[in-house]
Amino acid sequence: MGARAVQWLLRCPHTPRLHRPSRMLASALPVEGATQAPIIVLKEKGFTLVEILVVMVIIGLLAALVAPRFIRQEEKAKIKVAKAQIELLGTALDTFRLDAGRYPTDDEGLGALRNKPGGLDRWDGPYLKKEVPLDPWGRPYIYKSPGEHGPYDLTSYGADGASGGEGDNRDINSWEG
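Residues numbered from 1 in each chain as written. Predicted model: local features only at pLDDT ≥ 70, side-chain atom pairs only at ≥ 80, totals over all residues. Heavy atoms only, no water.

Here we take up the nonpolar core. Formed by 22 residues in total, the largest nonpolar core has its most connected members in Leu93, Phe96, Leu110, Leu113 and Leu154. Element by element, the count of residues in this core is highest for helix 2 (residues 49-100), at eight residues. With sequence-adjacent residues up to four places away left out, Leu154 is seen in contact with Ile86, Leu89, Gly90, Leu93, Leu110, Tyr141, Ile142, Tyr143, Ile172, Asn173, Ser174 and Trp175. (Core = buried A, V, L, I, M, F, W, Y, C linked by side-chain atoms within 4.5 Å. Buried < 20%, exposed > 50% of the residue type's maximum accessible area, 1.4 Å probe, protein only. Helix = DSSP H or I, 4+ residues; strand = E, 2+ residues; numbered from the N terminus. Contact = heavy atoms within 4.5 Å.)

Here's what the structure looks like:
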């Protein structure tokens, strides 16, 4: 059977087709020395279920190895942001002291960097362009004046929100470099 016969057979309305011809691959397998017509084999192009499952398992393993590293980087970044914000607040507090002659009291808190406290004549603020930021975990910074470690203490309690801790849960303090 020649190529024309194979083409006619593929176009013949009586030939059963389960899929569109564009997704099928037809081949005629001649048998040497046989007097019968060659066997026509239709092969579908695509992936088997096992191949797809193997790929999905590989992707899952890669995600399991990479995801914890990204999560750890996020926590490190939050610690760095907290340190930078404490440094910024410290600069604003020092500028407040230069203008007012003192640091804000515990009662005035960090809000004195944005709003003029009552009874203060030499306030030249606001000392922050925006509102007083929350720490990266969404909690306010702890401000004490006078502080135990200097004229003021600024603290973020870290990821757990409690005093003390280790790793991501450790406190970030203004008196620690």
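For the rest of this paragraph, the subject is the confidence of the model for the chain. When pLDDT is averaged along the chain, the result is 80; 75% of the residues meet or exceed 70. Between residues 17-24, whose pLDDT stays under 50, and residues either more than four places distant or in other chains, the model counts 11 contacts. (pLDDT = per-residue confidence, 0-100.)

There is about 210 Å³ of room inside the largest pocket. What lines the largest pocket is a set of 13 residues, and nearest its centre among them are Ile86, Glu87, Asn173, Ser174 and Glu176. Broken down by element, the residue count for the lining of the largest pocket peaks at five residues, all from helix 2. Here the residues of the lining of the largest pocket are counted per class, giving three nonpolar, five polar and five charged. (1 Å grid on protein atoms, 1.4 Å probe; cavity = no way out; pocket = protein on both sides within 12 Å on 5 of 7 lines; lining within 4 Å. Points joined across faces, edges and corners; volume = space filled by probe spheres on them. Nonpolar A, V, L, I, M, F, W, Y, C, P; charged D, E, K, R; others polar.)

Okay, the side chain of Asn173 next. With respect to the helices and strands, the residue Asn173 is situated in strand 5 (residues 172-173). Contact partners of Asn173, with chain neighbours within four places excluded, come to Ile86, Leu154 and Thr155.

This part takes up the packing of aromatic side chains. Given two aromatic rings, one states the distance between the centres and the angle between the planes to describe the pair. Applying the stated criterion across every chain yields a total of four aromatic pairs. Seen in terms of ring centroids, Tyr103 and Tyr152 are 5.0 Å apart; in terms of plane orientation they differ by 55 degrees. Their pairing is tilted. Of this pair, Tyr103 sits in the loop between helix 2 and strand 3 (142-144) while Tyr152 sits in the loop between strand 3 and strand 4 (153-156), and the two are 49 residues apart along the sequence. Of the residues examined, Tyr103 reaches a relative accessible area of 14% and is grouped as buried. For the ring pair Trp123 and Tyr127, a centre distance of 5.7 Å and an interplane angle of 90 degrees mean the geometry is edge-to-face. Across this residue pair, the class does not change: Trp123 and Tyr127 are buried. (Phe/Tyr/Trp six-rings, centres within 6.5 Å; stacked < 30°, edge-to-face > 60°.)

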